[in-house]
Amino acid sequence: MTSDIQPVESGVVGLSSAEAARRLERDGSNTLPAREHVPVWRRSLTQLTDPLIVVLLVAIVLTVVTGDWADAAVIALVIVVNTSVGVVQEVKADQAITALAAMTAPEARVLRDGRQQLVPAADVVRGDLLVLGEGDIVPADATVTEAAALLVDESALTGESVPVDKSTAHGTDQVSSGTVVVRGRGRAVVTATGAAGAMGRIAGLMDTGAGLTPLQHRLVGIGRMLAVTAVALCTIVLVLGLIRGESVELMVVTAISLVVAAVPESLPAVVTLALALGARRMAARHALIRRLAAVETLGSVTVLATDKTGTLTEGRMVTRRLWTPAGTADVDGHGYTPQGTVRRAGRTVTAEDAPDLRELLAAAALSTDATLRAPDDADGDWTVLGDPTEGALLAAAGRLGVDPSVDQQRCPRIGELPFDSDRKRMTTVHQEPGGSVHVICKGAPEVLLRPAFLDEPADMLAEAAARAEGLAAEGYRVLAVTRSDHLTAPPADRWERDLRLLGLIGIRDPARPSAPATIAACRDAGITPVLITGDHPATARAVAAEVGIIDGDGPVVDCRQLTSASPGTLRDARVFARATPEQKLDIITSCRQAGEVVAMTGDGVNDGPALRRADIGVAMGLRGTEVARQAADLVLADDELATVVAAAEEGRRVYANIRRFLLYGLSGGAAEIAVMLAGPFLGLSLFLLPAQILWVNLLTHGLPGVALGSEPAPPDVMSRPPRPPAESVLGAGLWQRILRVGTVIAAVTLGIAVWAHATDRPWQSMAFFALGATQLAVALGSRARPGTRANPMLLLAVGAAFALQFAGLYVPVLNELLGTEPVPLLDLLVICGLSTLGYAAIRLDRVVHRERNSPPG
C-alpha cells in the first residue's frame, strides 16, 4: 500500500536495513509468482481425452479382443507419438513466465542507511530509493524523485519507439520494471514490486490460454462423428448377420473389424507427419515453429494483427527529411550506418555542395551525447550507444560527408543545458580553435520557433512552423536546430537568445522495404492486416498508409479514448494507436469472438499476452524479447514479416493434405462398409472375412495414407481466400466427394464379386484384391501434381502396398492367415484393369468439384 511509503525517510537517506527486511518479509520478494507445476501424467491424460484419440483407444481394445496384434500395435504407436508431441509442446509454452522473470534486473542500486548499496533485485521493497544510471534495468515500478537528463527506453512495454524523458517537474513521472535507462541519471521511490508491478500485471495476462487451434476444433468434430458412426455400424452389421443366421462369434468379430475399418487410424499419424514436415519446410524459410499445431493454423488465418516497431518498421530511428531556409533534402540509408546519400532536387549532394545542410547536420551532431559503434563483423549492423534519436543525427551527418568526431575534437563542449520534458530542448556551448564560441540549441519546433528564441523574420518562422506541422502529420519526429556565434562565452541566461535558425530535421522509424509487398500479399491471400501499436496516432497512420494497411486519410483508433468501446469498433478498425497490453488483448479477443482466425506478431514484453491469446502468436527472433519468443507459436528467425506469408502458404498446404487424406481414407472406409452391407443382398453372405478387412485397411491407410501428407501445395494456394473459420474439415463439398469416390470403389468391388460368383470363380479373393487395388489407384489419383516426380514417397508406398496385396493372394502363409486363394492370372489382369477406374474417378471428381465451386461467370 502506498501509505506505507515514507517520503521523508526514502527521499533523504532511503529505508533502513531493518525496515527493508520487515517489508520484504511482509510483502514478499520482488519476483513474479511461480506457476503451478503440472505433472507429466496429468498432461498426458489431458492429451488422451481428445475425441479422436478416444476412438483409437476403443479401436485398440477391439483389435486386441480379435487377436489382431499387428493392427493393435500400429494404433498404439500412433497414440504414443501424438501424446508425446502434445506434452512436449505444453512444456515449452510454459516457459513464457520464466522468461519474464529472467528479464528483470538481477541487481539494483538502492539507498539504505544513508548510503548506496548493491542488492539483489529480488530484495527490492516498496519504499526503497533506487539510484538509476545509464544502462541500468529498472528493477521495480517507481516514482521519479530526482532526474538529470533521464531518458528511459520503454519500447518493450509500450511499443513507443522513442525513449521517454523523465523529470520531477510534475511529481508524477513513473519508471516501470524491465525498462532501460539509456541516458542520464536519477532517483526513484519504489511503489510496486513483483506481481503488483508492470511485469507482474503482464505476467497475469500471460495466463490466458490460447485454446484449441482451428484444426483441433475440426478434428474433435471428426472424432465425434466417427465414434457415432462406428457404434451405429457395429449394431447394424451385428443385427443383420444374426437375422441371416450367422454365428454370434463370427458376426461380433466382423462388426469389430468394420469398426476398425471405419476409423482411419492413421489420421493422427498423417496429421503429425504433415505438421512436422511443414515445420521443417518453414524452418528452411526462417520460420521456427514452437507449437506443432500452429503449422496448420497459419493456413486458416483471416486476420494478421501486427505490431509496428520492429515488425512493420526497422525498429531504429533514421533521419529522412531535412529543411533549411534554402530548400529541402532527403536522406537515404539503412539503420545507423553512416554510409548513404543525401539528395536535393533529384541529385546527390555532399557537404561541399550544400553548405546549409552541412551546417545543419554538423550542429545537430555536435550537440549530442550518443556515439555510433561499428559492427564486429562484415554482416553486422551499426548500433548506437545512447539516445536513438541522436544516433539518427550522427548517421545523417556521416551520409552527407560530415565527420562528427572531427568537429567534437575541434570544438569541445564547455557548457550545456540538458534536455528535459518541460524545456523540450537541449543547449550546448562549444569553443572554436580561435577562442570564439558558438551555442547550439535543438529541440521541439513548437518551442523554438518563437521570437523569444530566434532572431528571424516572422515570415520565415511561419514557413518553418508550417513545414514542421507537415512533417509531424506525416509521422516524423521533428527537431529544430538553431545556432548563435559569440566572440566570448555569453552568460548562461543569454545562451538561448538571438539564435539563428539552421533548419528542421525529420526523424522516424522507417518501414521495412519489404513491408508494402508483404501487406499486398496478405490482401491477395484474403488476409486482413491490422496494425496495433502503443505509438502515437500520427505515427501509426503514417506507417499504416506507407505499407498499405489503410489509405492516407484512413481512420485510426486512439485507444486512450476507448473508455467503453463497442465490440464493433474493436472488430472493424484497421489501425489502433496508444494500445496498452490489456487493450491489445481486448482487440484480439473481439476479433476471435467475431469468428476470425487471428495471427498476432510482436517483439516486446507488451505483446506477450496478445501473442498467447491469438490463434497463433508470431515473435521476432533477432530483436524480439525472450518473453515474446516464449509466448509465441512461431518465431521469425529473420524478423521479416514476409516470412509469415511464406509460413501461411505451408499452413494451407498442410490443411490441403489433411483433407486429401480424409477424401482418400474415408472414401475407402465408406466403400468397405458399403460392400459389407450390400453383399448379402446380392447373394454374397459374408462379403469379406474380418482378417481380409483389416489387411486391406492396414495396407491402404498405412504408408500410402501417410505419404499423402507430403504432397506439394497447389500452385494457386495463396491466391485463394482463407477457408471460413466455422467450416468443417469435411466442408466445402468434401463429404459429397467422399460419397462419390466411395461409391465408385464399392461398385467396382461388388461388380467383380458378382461376376466371379456367377462364373464359379474365387469371388471373395477377387473382391479382396479389387477392394485394395482400387483404393490404391485412388491414392495415385489424389496427387496434387500427377505425372511429375513430386512426392516420390507416395509412389513407393503405393508400390509396396500393391505388392503386399498381391502377396495376400499368392503367399501360402498369407493365404492361410487371410482365408484367400490364388486367382488366375487372366482374372487378375481384369481386376487390375477395372481398378484403374478408381484413378479415373478421383481425377474426374476433382474437375466436377472445381466446376461446381467456381464463382459464376
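Residues numbered from 1 in each chain as written. Predicted model: local features only at pLDDT ≥ 70, side-chain atom pairs only at ≥ 80, totals over all residues. Heavy atoms only, no water.

Participant: Report on the overall build of the protein, specifying residues and quantitative values.
Facilitator: Helix and strand counts for the protein stand at 33 helices and 26 strands. Buried residues in the protein amount to 56% of all 857 residues. The contacts of the protein with a sequence gap of at least 6 include a subset with a gap of at least 24, amounting to 70%. Summed over all atoms, the accessible surface of the protein reaches about 34400 Å², with 60% contributed by carbon and sulfur. (Helix = DSSP H or I, 4+ residues; strand = E, 2+ residues; numbered from the N terminus. Buried < 20%, exposed > 50% of the residue type's maximum accessible area, 1.4 Å probe, protein only. Contact = heavy atoms within 4.5 Å. Areas by Shrake-Rupley, 256 points an atom, 1.4 Å probe, with all protein chains shown as cover.)

Participant: Quick rundown of a nonpolar patch on the surface? Include the residues and the values.
Facilitator: Together, Trp755, Leu825, Leu826, Leu829, Val830, Leu834 and Leu837 make up a nonpolar patch on the protein surface, roughly 660 Å² of accessible area in all. By residue number, the principal contributor to the nonpolar patch is helix H32 (residues 825-835), which donates five residues. Within the secondary structure layout, Leu826 lies in helix H32. (Patch = residues over 30% accessible without salt bridge, like charges linked within 9 Å, V, L, I, M, F, W, Y side chains within 5 Å. Salt bridge = Lys/Arg side-chain N within 4 Å of Asp/Glu carboxyl O.)

Participant: With reference to specific residues and values, describe the nonpolar core.
Facilitator: Formed by 101 residues in total, the largest nonpolar core has its most connected members in Leu312, Ile549, Val575, Ile616, Leu634, Phe687 and Leu730. Take this core: its biggest share by element is 15 residues, from helix H25 (residues 642-678). Look past the residues within four positions of Leu634 in its chain and what remains in contact with it is Ala287, Leu288, Ile289, Leu298, Ile616, Gly617, Val618, Ala619 and Ala647. If you look at the next biggest cluster of nonpolar residues, it comprises 33 residues, including Met317, Val342, Ala363 and Leu479. (Core = buried A, V, L, I, M, F, W, Y, C linked by side-chain atoms within 4.5 Å.)

Participant: Which residues make up the sheet that holds strand S21 (residues 528-532), and what are the values?
Facilitator: Strands sit in the order S8-S26-S25-S24-S9-S21-S23-S22 across an open sheet of eight strands; the sheet is mixed. A strand with exactly one partner marks an edge of an open sheet, and here the two such strands are strand S8 (287-289) and strand S22 (557-558). The strands that helix H22 (residues 581-593) touches are strand S9 (303-306), S21, strand S23 (575-577) and strand S24 (598-602); relative to S24, the one it contacts most, it runs at about 160°. (Pairing = 2+ DSSP bridges. Axes fitted to C-alpha atoms, helices over the stretch in contact; angles between N-to-C directions.)

Participant: Give me helix H19 (residues 515-524): which residues, what numbers.
Facilitator: Listed in full, the buried residues belonging to H19 are Ala515, Thr518, Ile519 and Cys522. The buried residues of H19 occupy one face: seen down the axis, they fall within an arc of 95°. Summarising the geometry of H19, the exposed residues directed more than 90 degrees from the buried face are Ala517 and Asp524. Looking at the buried residues of H19, the elements they touch are S9, helix H13 (308-312), S21, helix H20 (537-547) and H25. Where H19 ends, the next residue or the one after it, Gly526, has phi of about 80°, a positive value. (Arc of directions from axis to C-beta.)

Participant: Can you break down the packing of helix H29 (residues 763-781) against helix H30 (residues 792-810) residue by residue, with the values?
Facilitator: Running from N to C, H29 and H30 cross one another at 175°; their axes reach a closest spacing of 10 Å. For the element pair H29 / H30, the angle class is roughly antiparallel. Together, Ser765, Phe768, Phe769, Gly772, Ala773, Leu776, Ala779 and Leu780 of H29 and Leu794, Leu795, Val798, Ala801, Phe802, Gln805, Phe806, Gly808 and Leu809 of H30 make up the contact between the two elements. Along the lines of polarity and charge, the residues of the contact of H29 with H30 split into 13 nonpolar, four polar and no charged. (Parallel < 35°, antiparallel > 145°, perpendicular 65-115°, else oblique. Nonpolar A, V, L, I, M, F, W, Y, C, P; charged D, E, K, R; others polar.)

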